Amino acid sequence: MKIDKRELLRRYGILIMLLVLIIYFSFGSEYFLTGSNVVNVLRQSAVTGISAVGLTYVMLTGGIDLSIGAVIGLTAVTAASCMAKLGLSPILACIIALALGALIGLINGILVNYVEIPALIATLGVMTSVRGLCYILTGGLPVYGFPASFDILGKGYVGVIPVPVIIMAVVLVLGWYVLNRTRYGRYLYAIGGSREAARLSGINVDKMVVATYMIAGLLSSLAGLVELSRLSSGQPSAGDGFEMNVITAVVLGGISVNGGEGKFFGVVVGIFIMSVLANGLVMMNVYEFYQQLIRGIVLIFAVGFDQLSKKKKSVKKVKAA
Amino acid sequence: MQNDYIIEMKDITKRYPGVVALDRIQLQVKRGEVHALLGENGAGKSTLIKTLAGAIHPDEGEILVEGKAYQHLEPRLAMELGIGVIYQEFNLIPYLTVANNIFLGNEPVKGTSIDEKTCIAECEKVFERLGITLDPRVPVRNLSVAYQQLVEIAKAVSKNAKVLIMDEPTAALSGKEVDMLLDLVRKLRDEGISVIYISHRLEELFEVADRVTIMRDGQYIETLDIKDCTRPRLISSMVGREMGENYPQGKYGTDEVVLEARHLSNDKIQDISFQLHKGEILGFGGLVGAGRTEVARAVFGADKCSGELYLNGKQVNIRCPGDAVRHGIAFITEDRKQQGLLMKLSIRENVTISSLDHIRRHGFSLDLKKEKKLVEEYRHQLNIKTPSIEQLVSNLSGGNQQKVVLAKWLLTNSKIIIFDEPTRGIDVGVKFEIYQIMRDLAKQGISIIMISSDMPELLGVSDRIVVMKEGRLVGELQGDEIQQENVMQYAISD
């Protein structure tokens, strides 16, 4: 079989981009490729990585979830309050926080699927009100003072590997497995490809879509717990604007904004591009404002390239026909 | 004589792969006449109209507009020559006013802004000419379908149309609105505008048309003065064709009733009751829009409906397609690309999407090896032509796509399969392969409902035929009664 160069670039372009970044930064800073910094990069990608799996599922159905950051915040203040104010055990606090995350996801799912509000608007509304709730619950003040055992989640190590990295690895492996080896994963692609065709194939589309938003809420909540443990303080503003990071990673990974297209592997690469970029720019002492600028340009460049290569392909097809 | 005609289409031929859509069609339209175009579904009327509108370029033949010859037209050119088309789907912007819609694209301008006053005044002038009473300041979205149509017509007239083509203009109108439209058509004629009028409702043609051109299977049959015509004359001219094709032989229906529908009703269908026997092919005849697909969707749980459904004598409650699939009912939709197939997925993923339950391995996990094996089996059994089952279905031909859909439903062990236009857009060779498969399935005891607008197919494949008209079942044909004339008689009966 002849391999099309353009196709090859399309499929592995993002991986090449990651490698280029790594090589560039390792020349730019002698500390970049040291063992401790690699572990650092991995740990920095944990919160993005965990919530990216849920967002990937949601985007495959053709939706979006803007409430990720708000759920991280709500999780942080809820779990923090449960432990610091009510004196509940960390495990119970985690369970309550996770259930709350799933509940927010359920609300998202119902608004999108049954009330039929466009996902962008529905989750924007939920994001805004959940963030408001964070401030109401805490009176705008951070909550701290938890049992030491809770520190494991964000600061613990197994050997040399940080616990957040292990959690992320488990979530990514499970996320890949569910997407590629279960009925549910197949249905996600089907629904995103054509909701009506999926429904007429006998798939319970409503149930699947709502479940997907719940999974996204649950995983955002898990990411929030890791973040809370790392910071040791429940900030009502925790995770503010964080969804943009996650969306960038998933879109970089090649998940179509229109749903139904994209591979899980790409998302994993997208997650690492985000954290390598953040870490590398700091290592090279790039001023923070410029970092933002560069991240935005990287996103536009990557997606723009993808779109243009698609467009050229279809133009060719039309000419041939 | 030559100058009598505003439009002359000579020997227009259009071929698509595997089918000749138009075969040396003739059409001559006089100035200021209402010229009806008559033919069954698929006779080629729409293709001919699109040729005249410039949307399709014919392979052969020429088009004369006011004596000037063209090989083909372009949409822009057709408009400039004064050819206006009122399609069934309107091209109106809902949030703009009537006047803004009519002048969309050539608004009168004062300075840099639209001159609303002139706009409205011009609009009222056109309305007065046509005898339309309508406020030009109303947004189009507030108008009923009938009035939106009037706006479309006024829009065409305001662009100095000399020929107006109306494609089934009364299809969505009520009795009173139809009268209003026919009045308007007469008015246009009196204004010297020629109208090409497409409709299945013969009674309207007798009321409004001057002459009628009849088409059948992409061929020109004849042009008649309407005053020399009778209903039976028109019907036999429309359908009178030899059955040149060979359909698989055999009638397999038994007396055992597997599916019974009682009084199914929703906003598209009224009081539908019928029985389906084991191993029979039950044809649903009727015109496009008669509600046949809607009956199928109701039975399959895709649309809500009232009434009762019995499977093998037991009442069942089917609320969604998932329920129907679990009860062994399959629905092969007319619109393969939007509703039948998942175009972004592979053949393998499409075939197994409805039966992933069967290929699970210890609980959650899908058994990909078993999946591949099953799909390969169906690929051979149905002769799906593809280099690999990993091929995206969007790369397949229509016939092979239809086989993929069929494989999907065979894999769910369906006992009842509804085929909606099973061979639309499929090459002739593959068509007969599909008929043979349907026959084989019936032989194995699977019951089939086939909705078809392709008359020879309906007559050739069905064991029994029910005919629908305007949302109701109006007739049933068995044995020797299965004749084209009988189907059409029911389908367009008053």
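Residues numbered from 1 in each chain as written. Chains lettered and ligands numbered in written order. Predicted model: local features only at pLDDT ≥ 70, side-chain atom pairs only at ≥ 80, totals over all residues.

## Some points on the overall build of chain A
The number of helices and strands found in chain A is 13 helices and four strands. The C-alpha radius of gyration of chain A comes to 20 Å, within 12% of the 20 Å expected for a compact globule of 321 residues. C-alpha extents for chain A along the principal axes are approximately 70 × 55 × 35 Å. Within chain A, the proportion of its 321 residues that are buried is 50%. If you take every contact in chain A between residues at least 6 apart in sequence, the share linking residues at least 24 apart comes to 79%. (Helix = DSSP H or I, 4+ residues; strand = E, 2+ residues; numbered from the N terminus. Rg over C-alpha atoms; globule rule 2.2 N^0.38 Å. Buried ≥ 20, exposed ≤ 12 C-beta atoms within 10 Å, placed from the backbone. Contact = placed C-beta atoms within 7 Å.)

## Side note on the overall build of chain B
Along the backbone of chain B there are 17 helices and 24 strands. For chain B, the C-alpha radius of gyration of 25 Å lies close to 23 Å, the compact-globule estimate for 494 residues. Each principal axis of the C-alpha distribution contributes one length, and for chain B these read about 75 × 55 × 45 Å. Across the 494 residues of chain B, 45% fall into the buried class.

## Notes on the packing of helix α4 (residues 90-113) of chain A against helix α5 (residues 119-138) of chain A
All names here are of chain A. Relative orientation of the contacting elements α4 and α5 amounts to 145°, with a least axis distance of 9 Å. Handedness of the crossing formed by α4 with α5: right-handed. Touching Ile 104, Ile 107, Asn 108, Leu 111 and Val 112 of α4 are Ala 119, Ala 122, Thr 123, Val 126 and Val 130, all from α5. (Axes fitted to C-alpha atoms, helices over the stretch in contact; angles between N-to-C directions. Left-handed = near helix turned anticlockwise from the far one by under 90°.)

## What about the confidence of the model for chain A?
When pLDDT is averaged along chain A, the result is 91, and 93% of the positions lie at 70 or above. In the model, residues 315-321 of chain A has pLDDT below 50 throughout and makes zero contacts with residues more than four positions away in sequence or in other chains. (pLDDT = per-residue confidence, 0-100.)

## Remarks on the domain arrangement of chain B
All names here are of chain B. The assigned domain composition of chain B is domain 1 (2-239) and domain 2 (257-491). Computed from C-alpha atoms alone, the centre-to-centre distance between domain 1 and domain 2 is 36 Å. Each partner contributes residues to the interface: domain 1 has twelve residues there, and domain 2 has eleven residues. Residue contributions to the side of domain 1 that touches domain 2 peak at four residues, all from helix α8 (residues 231-239). By residue class, the composition of the side of domain 1 that touches domain 2 is six nonpolar, five polar and one charged. (Domains from an automatic or database assignment. Nonpolar A, V, L, I, M, F, W, Y, C, P; charged D, E, K, R; others polar.)

## Topic: the sheet that holds strand β23 (residues 464-469) of chain B
Residue and element names in this part refer to chain B. What the six strands build is an open sheet, ordered β18-β21-β22-β15-β23-β24; its pairing is mixed. Here the strands that pair on one side only, and so sit at the sheet edges, are β18 (329-332) and β24 (472-478). When the angles between neighbouring strand axes are averaged without regard to direction, this sheet yields 20°. In this structure, strand β15 (residues 281-286) lies alongside β23, joined through five bridges in parallel fashion. Each residue of the ladder has a partner; that of Phe 284, found in β23, is Val 466. Those strands touched by helix α9 (residues 292-300) are β15, β18, β21 (416-420), β22 (447-451) and β23, and its axis lies near 150° from that of β21. (Pairing = 2+ DSSP bridges.)

## Some points on the pairing of strand β11 (residues 211-216) of chain B
Residue and element names in this part refer to chain B. Within β11, five of the six residues are buried, which leaves it mostly tucked inside the rest of the structure. As judged from the four bridges shared by strand β3 (residues 34-38) and β11, these two strands associate in the parallel manner. Looking at β11, one finds that His 35 is bridged to Arg 211. In this structure, β11 lies alongside strand β12 (residues 219-225), joined through six bridges in antiparallel fashion.

## As for the sheet that holds strand β16 (residues 306-311) of chain B
All names here are of chain B. Within the open sheet, the four strands sit side by side as β14-β13-β16-β17. Their pairing is antiparallel. Among the strands making up the open sheet, the edge pair consists of β14 (272-277) and β17 (314-316). Geometrically, the sheet is characterised by an average inter-axis angle of 20° between neighbouring strands, direction not taken into account. Bridging between strand β13 (residues 257-265) and β16 involves five bridges; their strand directions are antiparallel. Across the sheet, the residue bridging to Arg 262 is Glu 308, located in β16.

## Some thoughts on the interface of chain A and chain B
Interface size is commonly expressed as the accessible surface area that is lost when the partners come together. Every contact between the two is made by 18 residues of chain A and, on the other side, 22 residues of chain B. Listing elements by their share of the side of chain A that touches chain B, those giving two or more residues are α8 (183-193) and α9 (195-200) of chain A. Here the element with the most residues in the side of chain A that touches chain B is α8 of chain A; it accounts for five residues. For the side of chain A that touches chain B, the residue count by class is five nonpolar, seven polar and six charged.

## Side note on the pairing of β13 of chain B
A regular strand carries its side chains on alternate faces of the sheet. The sheet contact formed by β13 of chain B and β14 of chain B spans five bridges and is antiparallel. By the bridge assignment for β14 of chain B, Leu 259 of chain B is matched with Leu 276 of chain B.

## Brief notes about the nonpolar core
In this structure, Ile 50 of chain A together with Leu 164 and Ile 448 of chain B are the most contacted members of the largest nonpolar core, which totals 239 residues. The dominant element in this core, judged by the number of residues it contributes, is helix α10 (residues 205-231) of chain A, at 15 residues. Two domains each put at least three residues into this core: domain 1 (2-239) and domain 2 (257-491) of chain B. Not counting chain neighbours up to four residues away, the residues in contact with Ile 448 of chain B comprise Ile 281, Leu 282, Ile 417, Phe 419, Met 438, Leu 441 and Ala 442 of chain B. (Core = buried A, V, L, I, M, F, W, Y, C linked by C-beta atoms within 7 Å.)

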